[in-house]
Amino acid sequence: MKEEMININANLLDEPSFTSFERDSERVEVVNFTLVKKYGKGKEYINCSAYGDKVEKARDFQKGDLIHVFGYFKEREKEGKKYKNFLVKSYNKIEKKEENEEE
């Protein structure tokens with residue numbers, strides 16, 4: 001089954017967290033972060049993970065930044081609970097334009 005690739009623009013809920021693990025005697029870097037997207041009076045929280053060479057870009061992210069992510073959702077079950085995580089294929093911070101920007 002092929003994953004449905006989607007784009008999401010949302011704000012960073014908190015600072016990203018950086019970890020790593022070993023797979024096949026190789027160290028894999030991981031960044032995890034949560035985005036919050038507001039819909040009228042409601043909110044949606046999106047847990048995201050990026051791996052390997054994609055991790056470095058997130059080191060400059062700060063709470064509240066507007067982030068664009070491209071990837072897919074992956075669901076897994078652990079101890080009878082379902083977890084939904086967004087696996088990031090590419091992402092970047094969307095810079096805000098200054099209101100009175102002079103050219």
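Below: a short report on this structure. What you see is a predicted model, and the numbers here were worked out from it, not measured in a lab.

A word on the pairing of strand β6 (residues 81-93)
Relative to β6, strand β4 (residues 42-51) runs parallel, the two sharing two bridges. For Ser49, the partnering residue across the bridge sits in β6 and is Leu87. Pairing of strand β5 (residues 66-78) with β6 involves twelve bridges; the strand directions are antiparallel. Counted as the bridge partner of Gly71 is Val88 from β6. With antiparallel pairing between neighbouring strands as the criterion, β5 and β6 make up a hairpin whose turn holds two residues, including Glu79 at a positive phi of roughly 55 degrees.

Things to note about the nonpolar core
Judged by nonpolar contacts, the single largest core of 17 residues is most densely connected at Phe33, Leu35, Val69, Val88 and Tyr91. Residue assignment for this core shows that the elements contributing at least two residues are β1 (6-12), β3 (26-39), β4, β5 and β6.

Parameters at a glance
Residues numbered from 1 in each chain as written. Predicted model: local features only at pLDDT ≥ 70, side-chain atom pairs only at ≥ 80, totals over all residues. Heavy atoms only, no water. Pairing = 2+ DSSP bridges. Helix = DSSP H or I, 4+ residues; strand = E, 2+ residues; numbered from the N terminus. Core = buried A, V, L, I, M, F, W, Y, C linked by side-chain atoms within 4.5 Å. Buried < 20%, exposed > 50% of the residue type's maximum accessible area, 1.4 Å probe, protein only.

That is the geometry; function is a separate question.
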